[in-house]
2 protein chains.
Amino acid sequence: MELKNRILKIAQEAKAATRNLSLISSEVKNETLKNMAAALRKNSGAILAANQKDLKKAQEKGFSPAFIERLSLNEKIIDEMAKSLEEIAKLADPVGEIIKMWKRPNGLIIGRMRVPIGVIGIIYESRPNVTSDCIGLCLKSGNSVILRGGSEAINSNLAIFCLLRKIATKFGIPAGALQMVSTTDRKAVDMLLGLSQYIDLIIPRGGESLIREVAHKSKIPVIKHYKGICHIFVDESAKLDMAVKVCFNAKVQRPATCNAMETMLVHEKIARKFLPKIFLEFKKARVKIKGCSQTKKILKDVELVEEKDFYTEYLDLILSVKVVKDIDEAIKHIAQYGTQHSDAIITENDKNALKFLREVDSAAVYVNASTRFTDGYQFGLGAEMGISTDKLHARGPMGLEELTSYKYIVFGSGQIRT
Amino acid sequence: MELKNRILKIAQEAKAATRNLSLISSEVKNETLKNMAAALRKNSGAILAANQKDLKKAQEKGFSPAFIERLSLNEKIIDEMAKSLEEIAKLADPVGEIIKMWKRPNGLIIGRMRVPIGVIGIIYESRPNVTSDCIGLCLKSGNSVILRGGSEAINSNLAIFCLLRKIATKFGIPAGALQMVSTTDRKAVDMLLGLSQYIDLIIPRGGESLIREVAHKSKIPVIKHYKGICHIFVDESAKLDMAVKVCFNAKVQRPATCNAMETMLVHEKIARKFLPKIFLEFKKARVKIKGCSQTKKILKDVELVEEKDFYTEYLDLILSVKVVKDIDEAIKHIAQYGTQHSDAIITENDKNALKFLREVDSAAVYVNASTRFTDGYQFGLGAEMGISTDKLHARGPMGLEELTSYKYIVFGSGQIRT
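Here the structure is a predicted model, which is why all the values come from computation and not from measurement.

**Some points on the interface of chain B and chain A**
Across the boundary between the two partners, chain B contributes 53 residues, which contact 53 residues of chain A. Only β2 (109–116), α10 (240–252), α15 (350–359), β13 (364–369), α16 (376–379) and β16 (404–415) of chain B provide two or more residues apiece to the side of chain B that touches chain A. Element by element, the count of residues in the side of chain B that touches chain A is highest for β16 of chain B, at eleven residues. In terms of residue class, the side of chain B that touches chain A is built from 27 nonpolar, 15 polar and eleven charged. Note: strand β16 (residues 404–415) of chain A against β13 of chain B, five bridges, orientation parallel. When the sheet's bridge partners are listed, Tyr 408 of chain A is paired in β13 of chain B with Ala 364 of chain B.

If you want it as structure tokens, here you go:
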């Protein structure tokens with residue numbers, strides 16, 4: 001079949017499955033998820049064999065070690081994929097939940113009920129575990145899913161997908177609800193992005209260039225997960241021990257994540273005391289500091305930070321440091337250079353804490369805690385689809401609730417409008 | 001200045017105003033709205049004079065009477081515009097509202113706080129009252145607004161806009177927060193729709209072709225307000241008097257609205273009793289019936305309905321009628337021909353009521369009430385920006401809350417991630 005018709009058929013089947021899928025009970029969905037987890041563990045050999053094919057090709061093509069690492073599966077990762085599905089099974093089913101209800105003076109009782117969005121297309125790069133995570137989240141939230149993974153992971157993705165779809169259909173999930181674009185032809189993505197009559201939402205997962213390309217081409221709404229240039233502002237009144245502990249954690253605990261600190265802003269009144277203190281810790285952890293001219297007066301041997309560094313998501317053990325006059329300068333810096341992802345203030349001054357919370361417009365704004373907590377599990381939302389840097393529909397960690405829409409339900413006793 | 005630069009400047013000014021605008025207190029916003037209302041009443045003469053210019057041109061160009069009517073302002077309509085601003089002043093300010101808060105096992109307190117979306121672009125047709133409604137709703141929800149009205153209403157729109165902006169700046173609202181594209185050059189719209197770095201959301205208000213065109217061209221997220229092909233299903237167990245009253249209201253009370261009934265579905269077991277009963281009422285109100293073959297057996301003199309009629313939003317005293325075998329056929333018909341706007345069931349059978357609520361996926365689903373209630377005021381949400389037929393971000397009546405986003409706020413005492 002011609003590529004265009006194949007993609008169209010996938011999208012139409014996914015749409016056609018939405019009605020029946022939205023009516024599947026929580027019990028059946030949870031049973032399916034648990035059996036999917038068991039199947040992953042039982043068939044790990046076959047999945048790893050498929051992964052080997054992908055790895056061999058990637059090595060032949062000379063991909064970077066970091067790329068190969070992202071592509072690699074092992075028993076432990078497969079076990080984590082299974083655990084993730086089991087976690088999703090334990091989460092409350094958002095579909096059918098009544099969010100609120102109220103009564104109108106004419107006796108009408110009005111409520112909002114959560115419903116699935118419909119068909120969600122996921123365009124992702126080389127990590128094959130995204131395949132099972134997205135299937136689990138979309139199934140639980142009652143959405144059909146169309147998966148389009150990176151061509152380098154095609155064998156791994158297909159092995160996981162075919163296995164999970166087999167389990168799904170065995171438990172009565174409509175087969176159309178789980179779709180994978182199995183061609184590695186890049187035109188397939190462009191075609192998907194034009195099918196707004198069948199696909200309700202596109203979520204790209206991967207690097208910034210992938211997300212920008214998808215957002216630019218798509219005729220379907222896209223929820224974007226851009227980078228995080230996260231800041232911590234150490235205020236004049238900060239407890240310095242706490243500031244050291246939190247800033248160290250935000251930079252060092254897992255520097256390659258989007259919620260790691262990239263720029264530390266320090267109130268000028270405490271810079272002389274605070275900077276040497278944290279510098280000792282950073283030095284032990286081999287964090288490279290790029291400081292402003294005032295920082296350099298205090299910490300002699302650091303490199304001078306350039307303006308472009310403030311726009312850089314290092315994802316590495318590198319940190320931009322700037323001494324600021326006051327909280328206003330800190331907030332202004334964050335507004336100019338930040339990416340509205342996660343930003344924190346360390347302070348003992350309640351007025352400044354509230355000012356920071358109010359005036360910094362980021363997906364997550366912290367007082368006296370590490371930015372590393374921006375994560376579905378850490379917030380108590382459970383597994384997440386990603387961290388939205390958009391402001392429409394979903395912002396910050398996107399869990400099951402954010403994969404739903406709602407409808408108004410109205411109970412009357414013959415009311416008419418006059 | 002070149003058109004492109006003028007449009008760019010408008011968008012940049014609107015974006016630059018967002019930060020200060022989001023921090024304006026509720027008191028100042030409400031005072032501004034009340035003074036805007038007073039100014040509209042006081043300056044109605046000047047507004048009506050501007051409107052006369054538009055009307056004269058429209059008449060010269062030979063526009064239809066319906067078009068001229070939509071374009072026309074009078075003292076009463078201006079008073080309603082003023083009242084609408086006063087109503088918006090009375091509504092609760094959504095900005096800064098904490099939606100929910102919870103505590104995590106590690107002591108972190110996490111909450112969701114409503115924040116403005118940012119910059120909202122409104123592209124609308126000939127009704128000049130949209131100008132003041134949108135200014136009021138965007139101001140109260142803390143969003144900058146860029147207005148682009150129909151070229152035929154340009155003098156009326158500018159008169160209203162300049163007056164309201166004068167009041168806004170007098171009360172300390174940043175001037176950049178209120179913008180109007182004053183050129184009637186159509187290229188201006190295309191330019192606006194490309195400025196995704198400055199404009200966060202586009203809401204087109206008008207006919208289907210305008211909305212489709214905007215959605216097709218836009219690089220910015222669009223919330224669409226498409227047509228309503230609304231159904232009422234009269235179930236076997238319906239109280240016939242209630243069914244007559246509700247169906248009559250939904251068709252006749254204001255047939256030109258998107259929440260009026262366009263198709264009535266009747267259970268075959270009660271069709272012989274119900275149809276002649278309601279036909280008498282419809283006849284008095286001069287409603288033209290287009291019936292299916294079974295309907296025609298009961299109501300002799302009605303026209304035969306064609307399949308294309310089921311896809312038609314009449315917006316007039318015309319009604320499609322179909323006799324169905326059962327609730328499943330009714331739900332299937334609604335899924336196939338409906339527009340997911342507003343649909344109702346009239347029934348005394350609780351099981352069927354819940355089945356209908358669950359399985360009909362429309363923005364508003366009713367049991368025993370008229371579809372005409374789908375409206376921000378009627379739902380108790382206050383003034384509305386429109387009725388979204390989309391499923392992302394906002395569905396159904398779009399009030400102040402739907403014009404906001406949220407951010408996570410997190411209070412800690414030095415928590416770090418391990």
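We are not done yet, so read on.
**A word on the relation of the copies chain B and chain A**
Both copies of the chain are related by a screw-like operation: a rotation about an axis and a shift along it. Superposition of chain B onto chain A requires a rotation of 180° combined with a translation of 0.0 Å along the rotation axis, giving an RMSD of 0.0 Å. The symmetry that links the two subunits is that of a two-fold axis. For chain B, the smallest separation between a C-alpha atom and the rotation axis is recorded for His 393 of chain B, amounting to 1.9 Å. With an isologous cut-off of 70% or more, the 100% of interface residues of chain B that recur at the interface of chain A puts this contact in the isologous class.

**Topic: the pairing of strand β3 (residues 119–124) of chain B**
Residue and element names in this part refer to chain B. Buried residues dominate β3, accounting for six of its six residues. The alternating pattern of β3 places Val 119, Gly 121 and Ile 123 and Ile 120, Ile 122 and Tyr 124 on opposite faces, both of which are buried. Sheet analysis places β3 next to strand β4 (residues 144–148), joined by five bridges and oriented parallel. Pairing of Ile 123 across the sheet is with Arg 148, part of β4. In the classification by handedness, the crossover that spans β3, the intervening helix α6 (residues 129–140) and the parallel β4 is right-handed.

**A look at the sheet that holds β3 of chain B**
Residue and element names in this part refer to chain B. In space, the four strands of this open sheet follow the order β5-β4-β3-β6, with parallel pairing throughout. The strands lining the two open edges of the sheet, one partner per strand, are β5 (178–180) and β6 (201–205). The average undirected angle you get between the axes of adjacent strands in this sheet is 20°. Across the sheet, helix α1 (residues 3–22) lies against β3, β4 and β5, angled at about 150° from β4, the strand it touches most. α6 rests against β3, β4, β5 and β6 of the sheet, and its axis sits at about 165° to β4.

**Here we look at the confidence of the model for chain A**
Overall, the predicted model of chain A reaches an average pLDDT of 96, with 100% of residues at or above 70. Two numbers describe this predicted complex: its pTM, 0.94, and its ipTM, 0.94.

**Comments concerning the sheet that holds strand β11 (residues 318–324) of chain B**
The strand order across the open sheet formed by ten strands is β1(A)-β2(A)-β16(A)-β13(B)-β12(B)-β7(B)-β8(B)-β11(B)-β9(B)-β10(B), and the pairing between neighbours is mixed. What marks the edges here is a single partner per strand, and that holds for β1 (98–103) of chain A together with β10 (303–304) of chain B. Pairing of strand β9 (residues 288–291) of chain B with β10 of chain B involves two bridges; the strand directions are parallel. Note that in β10 of chain B the partner of Gly 291 of chain B across the bridge is Leu 304 of chain B.

**What about the packing of helix α2 (residues 26–42) of chain A against helix α5 (residues 75–90) of chain A?**
All names here are of chain A. Where α2 meets α5, the axes come as close as 8 Å, and the angle between the chain directions of the two elements is 170°. Judged by the inter-axis angle, α2 sits roughly antiparallel to α5. Only Ile 78, Asp 79, Met 81, Ala 82, Leu 85, Glu 86, Ile 88 and Ala 89 of α5 make contact with α2, whose side of the interface consists of Asn 30, Leu 33, Lys 34, Met 36, Ala 37, Leu 40 and Arg 41. Taken together, the residues that form the contact of α2 with α5 break down as ten nonpolar, one polar and four charged.

Cut-offs and rules
- Residues numbered from 1 in each chain as written.
- Chains lettered and ligands numbered in written order.
- Predicted model: local features only at pLDDT ≥ 70, side-chain atom pairs only at ≥ 80, totals over all residues.
- Contact = placed C-beta atoms within 7 Å.
- Helix = DSSP H or I, 4+ residues; strand = E, 2+ residues; numbered from the N terminus.
- Nonpolar A, V, L, I, M, F, W, Y, C, P; charged D, E, K, R; others polar.
- Pairing = 2+ DSSP bridges.
- Least-squares fit on C-alpha atoms with pLDDT ≥ 70 in both.
- Buried ≥ 20, exposed ≤ 12 C-beta atoms within 10 Å, placed from the backbone.
- Right-handed = clockwise from strand over helix to strand, strands pointing away.
- Axes fitted to C-alpha atoms, helices over the stretch in contact; angles between N-to-C directions.
- pLDDT = per-residue confidence, 0-100.
- Parallel < 35°, antiparallel > 145°, perpendicular 65-115°, else oblique.

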